Amino acid sequence: MDKIRIVGGNALEGIIPISGAKNAALPLMIASLLSEERLILENVPRLADVALLQRILGNHGVNITTNGKRAGDDPFAGQTLELDARVIVDTTAPYDLVSRMRASFWVLGPLLARIGRARVSLPGGCAIGTRPVDFHLDALRALGADIEIDAGYVVASAPRGLRGGRVVFPKVSVGATHTALMAATLAEGETVLENAAREPEVTDLAECLIKMGAKIEGLDTSTLRITGVSRLRGARHSVQPDRIEAGTYAMATAMVGGDVMLKGARADLLENALDVLRQTGVQIDSSDEGIRVRGTGNGIQPVDVTTAPYPGFPTDLQAQFMALMTRAGGSSRITETIFENRFMHVQELARLGARIHLDGDTATVEGVERLTGAPVMATDLRASVSLVIAGLAAEGETLVQRVYHLDRGFEKLEEKLSRCGAVIERISN
Ligand code: UD1
C-alpha cells in the first residue's frame, strides 16, 4: 500500500489549483439517472470516489465517456464526463459497491423517480459514526414510495410514479436533501422540502437540475419548492470548486506560513472558515482569481469552533483545523455537532506530539511549541489530510499510511503541495 512521506518545516509559496468539488460531482453524476438524454459534466475531479461511482452507474446501464488528456492541457484541469443513461438495465445497486462509498446510496431517489423501482444495498458501517439513512427513506415515503428492507437491501417501489409531498427533515442532512430533491423533480405535483441542507453542493445540484428542465425554487435557502415535470432533458454543467480542498490548503498555509494563491477557489462558499482563519492570524484576500493566504506560521492564535451545517463551520474541515490548533499559542475548544465519533485523528495527532483532551463531542487542544514526525495511520478522508497538515509542520519525517483515504478526496495532493515547496512524496510499494 502507498504511503506519503513528509519532511516538515518548509513554508508554502506559490499557486495551488483547486479542483472540482468531490461532494458536488458525486450527486451531479447520479443526477444523470434522471434523464434519457446526455448529461455533460465539466471540471470533474480525478478521484477514486469518482471512478468508483462511474463503475456503479455503469452497472445500472449508464454509458460514460471521459475526455482524454491532450498535449498542452493543464495537468491540473478537471475532466469532462459525458453520462448517457438512455437505458437503465439494472435497478439494483449491490452491497459490494455501495458499501465502499456511502454516497452511492443516493442512486435510490433518481432510480425510483424515473423507473418506479429500485433495490439499493444499505451502506453499512462507517468510520465516522453510524450514519443512518432513515431521513432518505422517510422523504421518499412522503413522496408516495413503498419501502421495505429485505436482506440488507432497501426495496423501493412507486408503480404509478411518485407524487409531490411535504418533507420536514428532523435534522439537516446533505444526502437526504439530494435524495428528496432529485426524486421530487419527476414526482407529480408540488413538493416542499423544509429544513433542507443549504450546502453549496445542494445548490450546485439544483442548478444543474434546473438546466435539465426541473422546476425548483428557494435555492440557497432551507425551504426548497419543486414542481415535478414528466421528463428531464440533457444539459451541460461545470462542477463548482471544492471548498473543502480550498479550506484544507488554507489551513496548511496557516500552519507552516508562506504565501499561497488557491486558484479558482470561491471565498463566498467558505466564509465562516475563512473568518476563523483570520482570527488565527493569517491574512486572507479574495479576488476573481481565487483566495490568497499569507501567514508566518508563528504566533497562531487559538480560536474555538463548533461545527454546524452550512453556513456554519464545516465538519469536513474540523480535523484540519484541529491540526492547526495543535501549534497555537494557547488552548482552543473544538466541538463536533454533526457526526459522533469524528475524532479518529486525535490519537494519531498525539503521536506527533499534539496535546488534545477529548470529552464527549468536544476536544480541547493545548497548543505545543513543536510537533515531531512519526509514522501515522489515516483513518478517514478528512482525518488523513489533517495528518498531512501536521506533518508539514512537524520536525523530521512523518509517514502517513493508508493513503487510499486521501486518494478518495484530494486530487494530486503531493504534487500540489510539493510545487509550493513542501517536502512530500508518495512511496509506492
Ligand atoms: C455529506 C458529505 C460529507 C459531510 C456531510 C455533512 C458527501 C459525499 N458527503 O455526507 O462529506 O461531512 O455531508 O456536511 O457529500 N443522518 C441521519 N439520518 C439520515 C441521514 C443523515 O440521522 O438518513 C445524520 C447523520 O448521521 C449525521 C447528520 O445527519 O449525523 C448529517 O449527515 P448528512 O448531512 O446526511 O451527511 P452525508 O450526506 O452522508
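None of the values given here were measured: they were computed from a predicted structure. (Residues numbered from 1 in each chain as written. Predicted model: local features only at pLDDT ≥ 70, side-chain atom pairs only at ≥ 80, totals over all residues. Heavy atoms only, no water.)

### Here's the deal with the overall build of the protein chain
Put simply, the rule reads: Helix and strand definitions follow DSSP, with helices as H or I runs of at least four residues and strands as E runs of at least two, each counted in order from the N terminus. Partly exposed describes any residue whose relative accessible area lies between the buried limit of under 20% and the exposed limit of over 50%, with all areas from a 1.4 Å probe on protein chains only and scaled to the type maximum. Contacts are residue-level and defined by heavy atoms, with any inter-residue pair within 4.5 Å sufficient. Each accessible area is a Shrake-Rupley result for a 1.4 Å probe, and residues are judged covered by the shown protein chains and nothing else. In this tally Asp and Glu are treated as negative and Lys and Arg as positive; neither His nor the chain ends contributes. Note on charges: their place is set at NZ of Lys, CZ of Arg, CG of Asp or CD of Glu.
Of the regular secondary structure elements, the protein chain holds 14 helices and 24 strands. Considered along the principal axes of its C-alpha atoms, the protein chain spans approximately 65 × 50 × 40 Å. Per-residue burial for the protein chain yields a buried fraction of 56% across its 429 residues. Considering only intrachain contacts with a sequence separation of at least 6, the fraction spanning at least 24 residues in the protein chain is 75%. Entry remark: accessible area of the protein chain is about 16,700 Å², with carbon and sulfur atoms responsible for 45%. Averaging the locations of the 46 positively and 52 negatively charged side chains of the protein chain gives two centres separated by 3 Å.

### Quick word on the sheet that holds strand β4 (residues 63-66)
Picture the strands of a sheet paired through backbone hydrogen bonds; they go either parallel or antiparallel. Quick note on the threshold: Any two strands between which DSSP finds at least two bridges are classified as paired. Here an angle of 0 to 180 degrees is reported between the N-to-C directions of two axes, which are lines fitted to C-alpha atoms, with helices fitted over the stretch in contact.
Here we have 4 strands laid out as an open sheet, ordered β4-β5-β3-β14, and mixed in their pairing. Across the chains shown, the open sheet's two edge strands, defined by having one partner strand only, are β4 and β14 (235-238). Pairs of neighbouring strands in the sheet enclose a mean axial angle of 15 degrees, with direction left out of account. In terms of strand pairing, β4 meets strand β5 (residues 79-84) through 4 bridges, oriented antiparallel. Among the inter-strand pairings, Asn63 is bridged to a residue of β5, identified as Asp84. Against the sheet, helix α2 (residues 48-60) engages β3 (38-44), β4 and β5, with an angle of about 15 degrees to β5. Helix α7 (residues 200-211) contacts β3 and β14 of the sheet and is inclined by roughly 155 degrees relative to β14.

### Examining the pairing of strand β21 (residues 362-366)
Sheet topology note: the strand β19 (residues 331-335)/β21 ladder contains 5 bridges and is antiparallel. In the sheet register, Ile334 faces β21, and the bridge partner there is Ala363. Of the pairings in the sheet, the one linking strand β20 (residues 355-359) to β21 comprises 5 bridges and is antiparallel in character. Following the sheet pairing, Asp359 is matched in β21 by Thr362.

### Some remarks on the domain arrangement of the protein chain
Reports often express the size of an interface as the amount of accessible area lost when the parts come together. Quick reminder of the rule: Reported domain spans reflect what an automatic or database domain assignment gives. Buried area is a sum: the accessible area each of two parts loses on coming together, probed at 1.4 Å, counted once for each and added.
Here the domain parsing of the protein chain yields domain 1 (3-19 + 241-427) and domain 2 (22-238). The straight-line distance from the C-alpha centre of domain 1 to that of domain 2 is 30 Å. Domain 1 puts 28 residues into the contact, and the matching count from domain 2 is 21 residues. Where domain 1 abuts domain 2, roughly 2,100 Å² becomes buried across the two surfaces, and 54% of that area is made up of carbon and sulfur atoms.

### Some thoughts on the site of the ligand
Threshold: The rule for a residue being near a molecule or strand is that one of its heavy atoms must lie within 4 Å of it. Side-chain atoms alone can form a polar contact between residues adjacent in sequence; in general such a contact is a pair of N or O atoms within 3.5 Å, and within protein one must be able to donate a hydrogen while the other accepts it.
The local shell around the ligand holds 20 residues, among which Asp134, Ser173, Val174, Asp316 and Ile338 are the closest. Between Ser173 and the ligand, the recorded distance is 2.6 Å, taken from a side-chain N or O atom to an oxygen atom. Here the ligand loses 90% of its free accessible area of 740 Å² to cover by the protein chains. Counting only elements with at least two residues in the shell around the ligand, the list comes to α5 (134-142) and α6 (174-185). Looking at the shell around the ligand, the element that brings in the most residues is α5, giving 3 residues.

### Points about the nonpolar core
Rules: Here, nonpolar core refers to any group of buried Ala, Val, Leu, Ile, Met, Phe, Trp, Tyr and Cys residues whose side-chain atoms link them within 4.5 Å.
Of all hydrophobic cores here, the largest spans 77 residues; its most connected members are Phe105, Leu108, Leu162, Phe169, Leu181, Leu193 and Leu209. Ignoring sequence-local partners within four residues, the contact set of Leu209 consists of Ala31, Leu34, Leu181, Met182, Thr185, Ala214, Ile216 and Leu232. If you look at the next biggest cluster of nonpolar residues, it comprises 70 residues, including Ile18, Met325, Leu392 and Phe410.

### Details of the pattern of salt bridges
Which entries qualify depends on this criterion: Salt bridges, as used here, are contacts in which a Lys or Arg side-chain nitrogen is within 4 Å of a carboxyl oxygen on Asp or Glu.
This structure, assessed with the given rule, holds 25 salt bridges. Across the pair Glu397 and Arg5 runs a salt bridge, and its minimum N-O distance is 2.7 Å. Separated by 392 residues along the polypeptide, Glu397 in strand β23 (residues 397-401) and Arg5 in strand β1 (residues 3-7) bring together distant segments of the chain. On the basis of relative accessible area, Glu397 is assigned to the partly exposed category, the value being 40%.

### Things to note about the sheet that holds β23
Taken in spatial order, the 4 strands make up an open sheet running β22-β23-β1-β24, and their pairing is mixed. On the outer flanks of this sheet lie β22 (375-377) and β24 (423-427), each paired with one strand and no other. If you compare each strand with its neighbour and ignore which way they point, the axes differ by 20 degrees on average.

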